[in-house]
Amino acid sequence: MDGGHMNGMTHMPPPPSPVTATGAPPVTTTTTGATMQHHAMMHMAFFWGTNGEILFPGWPGSNSGMYVLVLIFIFILAFLVEFLSHANFARRGSTTAAVGLVQTVVHTLRTGLGYMVMLAVMSFNGGVFLAAVAGHALGFLVFGTWVFRKPSPPVTGDKSSDLSPMICA
C-alpha cells in the first residue's frame, strides 16, 4: 500500500471539457432521451441587457416586450412584499386561532414572494435589480410611512402590522 495514492496518476491534468464557439459547454442529448444536459451561462456580475432567463426557463428570452413585462412583474412582487409587511389583517373580536391562521398565511405569502424577488435579483440583471429596489421603495413609501395615512396618536401596545419586520427581502 502506498497510503491510498494511485501510482503514476497523481499528476495527470483533468480531461479537457468540450466548448462551443461561444465558449459555453454544449447541450448534450441522447436518442433514448435518458440523459439530457443543459449548461446555461450564469452571469457572476451585473449586466445590462434584455436577453436572459429570470425565474423561469426561457423567460423573457430575447423579446424586449417580455423583458418589460418581467420588470413590471418583479416591481409588483417587491411592492406586494412591502404591502404584506405592513398590513394588519387581524380584526378585533377574532379568535386567537383565526388570527394565528391569518398571520401564518400572510407570513408564508410574504416569505415566498420575498424569495421570488431574491431569486430574480440573483439573475444579476441590472434592470431587474432596479425594478426590485424601486418596488420595495415605493411599497415602503405607501405602506410603511405616514405619507399616505392620516396621522393618529399611537395607542400603547398597538402595532401597525401583524408580522415582525422582514430582516431581508
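No experiment lies behind these values; they were computed from the predicted model shown.

A.B. asks: Which parts of the structure should I look at to understand the nonpolar core?
C.D. replies: Taken as a class, soluble globular proteins show a tendency for nonpolar side chains to be buried jointly. If you look at the biggest cluster of nonpolar residues, it comprises 14 residues, and the most contacted ones within it are Val70, Ile74 and Val128. Going through the elements one at a time, helix H1 (64–86), helix H2 (96–121) and helix H3 (126–143) are the ones with two or more residues in this core. The element best represented in this core is H1, accounting for six residues.

A.B. asks: Is there a simple way to explain the packing of H1 against H2 in this structure?
C.D. replies: The relative placement of two packed helices is expressed as an angle between their axes plus a distance between the axes. In the contact formed by H1 and H2, the axes pass within 9 Å of each other and the chain directions differ by 145 degrees. In the crossing of H1 with H2, the sense of the turn from one axis to the other is left-handed. Here H1 contributes Phe73, Ile74, Leu77, Ala78, Leu80, Val81, Leu84 and Ser85 to the contact with H2, which in turn contributes Val106, Leu109, Arg110, Leu113, Gly114, Met116, Val117 and Ala120. Looking at the contact of H1 with H2, its residues break down into 13 nonpolar, two polar and one charged.

A.B. asks: When you look at unusual backbone geometry in this model, what are you seeing that I'm missing?
C.D. replies: Peptide bonds are mostly trans, and most non-glycine residues show a negative phi. Positioned with a positive phi, leucine 55 is a non-glycine residue whose angle comes to about 70 degrees. Inspection of the secondary structure puts leucine 55 in the loop between strand S3 (52–53) and strand S4 (60–61). Of note, the phi angle at phenylalanine 124 is positive, near 65 degrees, even though the residue is not glycine. Residue position: phenylalanine 124 is located in the loop between H2 and H3. Owing to a relative accessible area of 22%, phenylalanine 124 belongs among the partly exposed residues under this scheme.

A.B. asks: Is there a simple way to think about the environment of serine 94 in this case?
C.D. replies: Mapped onto the fold, serine 94 is located in the loop between H1 and H2. Exposure remark for serine 94: the relative accessible area of 35% places this residue in the partly exposed category. Of the polar contacts made by the side chain of serine 94, one reaches the backbone oxygen of arginine 91; its length is 3.0 Å.

A.B. asks: Explain the side chain of glutamate 82 to me, please; I cannot follow it from the model alone.
C.D. replies: Along the chain, the position of glutamate 82 falls in helix H1. Within the buried core, glutamate 82 has no salt-bridge partner, and the shortest N-O distance to an opposite charge, that of arginine 110, equals 8.5 Å.

A.B. asks: Explain the packing of H1 against H3 here, please?
C.D. replies: Remark: H1 packs on H3, axes separated minimally by 7 Å, with the N-to-C direction vectors making an angle of 35 degrees. In this structure, H1 crosses over H3, and the sense of that crossing is right-handed. Residues Tyr67, Val70, Leu71, Ile74, Phe75, Ala78, Phe79, Val81, Glu82, Phe83 and His86 of H1 lie in contact with H3, whose contacting residues are Gly127, Val128, Ala131, Ala132, Ala134, Gly135, His136, Leu138, Gly139, Phe140, Val142 and Phe143. Considering only residue class, the contact of H1 with H3 consists of 17 nonpolar, five polar and one charged.

About the thresholds
- Residues numbered from 1 in each chain as written.
- Predicted model: local features only at pLDDT ≥ 70, side-chain atom pairs only at ≥ 80, totals over all residues.
- Heavy atoms only, no water.
- Core = buried A, V, L, I, M, F, W, Y, C linked by side-chain atoms within 4.5 Å.
- Buried < 20%, exposed > 50% of the residue type's maximum accessible area, 1.4 Å probe, protein only.
- Helix = DSSP H or I, 4+ residues; strand = E, 2+ residues; numbered from the N terminus.
- Axes fitted to C-alpha atoms, helices over the stretch in contact; angles between N-to-C directions.
- Left-handed = near helix turned anticlockwise from the far one by under 90°.
- Contact = heavy atoms within 4.5 Å.
- Nonpolar A, V, L, I, M, F, W, Y, C, P; charged D, E, K, R; others polar.
- Polar contact = N/O pair within 3.5 Å; in protein donor to acceptor, adjacent residues only side chain to side chain.
- Lys, Arg positive; Asp, Glu negative; His and termini not counted.
- Salt bridge = Lys/Arg side-chain N within 4 Å of Asp/Glu carboxyl O.

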